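One-letter residues, chain by chain:
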Amino acid sequence: MSLSQADILRALELVKLPASGQSLAASGRVANILIDGGKVIFAIGIDATEAQAMEPVRKAAESAVGGLPGVSQVLVGLTADKPAPSAGMQARQQAQRPAPGGAPPKPAGVPGVKQIIAVASGKGGVGKSTTAANLALGLATLGLKVGVLDSDIYGPSMPKIFGVGGRPQVVSGRTLAPMEAHGLKLMSIGFLVDEETPMIWRGPMVISAITQMLREVAWGELDVLVVDMPPGTGDAQLTMAQQVPLAGAVIVSTPQDLALLDARRGVAMFRKVAVPILGLVENMSYFICPECGHRSDIVAHGGARHEAERLGIPFLGEIPLAMPIRETSDGGRPIVASDPGSAHAKAYVALARQVQAARGGATRPAPRIVIE
């Protein structure tokens, strides 16, 4: 029997609001119900001041819907529609608020994960996800245990880049087992919903989903968790800085002035929340014609290096605009895994070495890359 929205609302009749005793289903607060096979996702509308009081309601709603026949997983977010400080503003205020002893409060880490690195960009379309995937694989070749969290809720790319399908298994309660590819552990909203399903969510629900993928996944023991951030400098980035102790951020940009304008904003945002900038990467730096060997600077060249010098941050290197990088990413076989001896793969490994040095880690003997 297939699930319907009516089934979900009937289950939510059993969940009562704390103040009025009214059922959640009758309150008009339930919105954006998405059913994808056995996965159910929906939002509960709240006032921003109700967030703490409504958390038990959110958990009760997940439990009630999770008990329906055919439901394998439930994701519920609290979304504030009434005028109030945004979640991003709250994140910024929290990050800047001193603790009683005078030092800023430290966010809790993710159990088993030694360091978390954000790969970010000021805008979309600069190859951030491809860079994040190959950087993670590069770090793995240095002997590290690595995971990848795809936190781009609106445009998840990691299932495609790594060629991974299927759904994560529930380990216990609400905890999911990460997917795996090429020796990396992976998690993405793309594993939980169909790839053609649009994620029409407001900011608070996006933040709730990111938090759950961080904290309710059995990551195990990892040296590094690479987080592929959504583009821009909004609530998701600020909340990530609040929720976990980021070891640093890698900023990806193309060389032209328009992209560098947004890269500056990304650097400024992370600096405001006291996240170290590990460096700036120039992606699509140049193009070498595979037929004649002629080099063309299609989207300019050297802009990111000059910008890094101007901002006083490390320049991590140049990644070319190359068909093999695009083809292997589209084919679900990132180039560091599928062609580790190529010049392009070596460029990403060199990037990984720079990032590893910036985060202050030592490397172990590199394992053999498993090509799946």
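Residues numbered from 1 in each chain as written. Predicted model: local features only at pLDDT ≥ 70, side-chain atom pairs only at ≥ 80, totals over all residues. Heavy atoms only, no water.

Novice: Talk me through the overall build of the protein; I want residue IDs and the actual numbers.
Specialist: Scanning the protein from N- to C-terminus turns up twelve helices and 15 strands. Counting all 372 residues of the protein, 50% fall into the buried class. Of all intrachain contacts in the protein linking residues separated by at least 6 positions in sequence, the fraction that spans at least 24 positions is 74%. Entry remark: accessible area of the protein is about 16,400 Å², with carbon and sulfur atoms responsible for 54%. (Helix = DSSP H or I, 4+ residues; strand = E, 2+ residues; numbered from the N terminus. Buried < 20%, exposed > 50% of the residue type's maximum accessible area, 1.4 Å probe, protein only. Contact = heavy atoms within 4.5 Å. Areas by Shrake-Rupley, 256 points an atom, 1.4 Å probe, with all protein chains shown as cover.)

Novice: Can you tell me about empty space enclosed by the protein, naming the residues and giving the values?
Specialist: Evaluation of the coordinates by the stated rule reveals two cavities of 30 Å³ or more. The space that makes up the largest cavity amounts to roughly 50 Å³. In terms of lining, the largest cavity is formed by Ile207, Ile210, Thr211, Leu214, Ala236, Thr239, Met240 and Gln243. Going through the elements one at a time, α6 (203-215) and α7 (235-243) are the ones with two or more residues in the lining of the largest cavity. Looking at side-chain class alone, the lining of the largest cavity contains five nonpolar, three polar and no charged residues. Listing elements by their share of the lining of the second largest cavity, those giving two or more residues are β2 (39-46) and β3 (73-80). By residue class, the composition of the lining of the second largest cavity is five nonpolar, one polar and one charged. (1 Å grid on protein atoms, 1.4 Å probe; cavity = no way out; pocket = protein on both sides within 12 Å on 5 of 7 lines; lining within 4 Å. Points joined across faces, edges and corners; volume = space filled by probe spheres on them. Nonpolar A, V, L, I, M, F, W, Y, C, P; charged D, E, K, R; others polar.)

Novice: Tell me about the side chain of Asp152, residues and numbers included.
Specialist: Along the chain, Asp152 turns up in the loop between β5 (146-150) and α5 (158-162). Buried within the structure, Asp152 lacks any salt-bridge partner; Lys128 is the closest side chain of opposite charge, at an N-O distance of 4.6 Å. Here Gly155 takes part through its backbone nitrogen, which lies 3.1 Å from a polar atom of the side chain of Asp152. Excluding its chain neighbours within four sequence positions, the residues that come into contact with Asp152 are Ile189, Asp228, Pro230 and Pro231. (Lys, Arg positive; Asp, Glu negative; His and termini not counted. Salt bridge = Lys/Arg side-chain N within 4 Å of Asp/Glu carboxyl O. Polar contact = N/O pair within 3.5 Å; in protein donor to acceptor, adjacent residues only side chain to side chain.)

Novice: Give a description of the packing of helix α4 (residues 128-141) against helix α12 (residues 343-358) that names residues and reports values.
Specialist: As a packed pair, α4 and α12 sit with axes 8 Å apart at the nearest point and diverge in direction by 75°. Taken together, the axes of α4 and α12 lie roughly perpendicular to each other. Of α12, the residues touching α4 (which contributes Thr130, Thr131, Asn134, Leu135, Gly138, Leu139 and Thr141) are Tyr348, Val349, Leu351, Ala352, Val355 and Gln356. By residue class, the composition of the contact of α4 with α12 is seven nonpolar, six polar and no charged. (Axes fitted to C-alpha atoms, helices over the stretch in contact; angles between N-to-C directions. Parallel < 35°, antiparallel > 145°, perpendicular 65-115°, else oblique.)

Novice: Would you mind going over the pairing of strand β11 (residues 246-253) in detail, with residue names and values included?
Specialist: Of all eight residues in β11, seven are buried, a share of seventy percent or more. As defined by bridge partners, strand β4 (residues 113-120) adjoins β11 across five bridges and the pair is classed as parallel. Directly across from Ile117, in β11, lies its bridge partner Gly248. As defined by bridge partners, β11 adjoins strand β12 (residues 277-283) across five bridges and the pair is classed as parallel. Considered in β12, the bridge of Val250 is made with Gly279. (Pairing = 2+ DSSP bridges.)

By themselves, these observations are geometric and do not establish any function.
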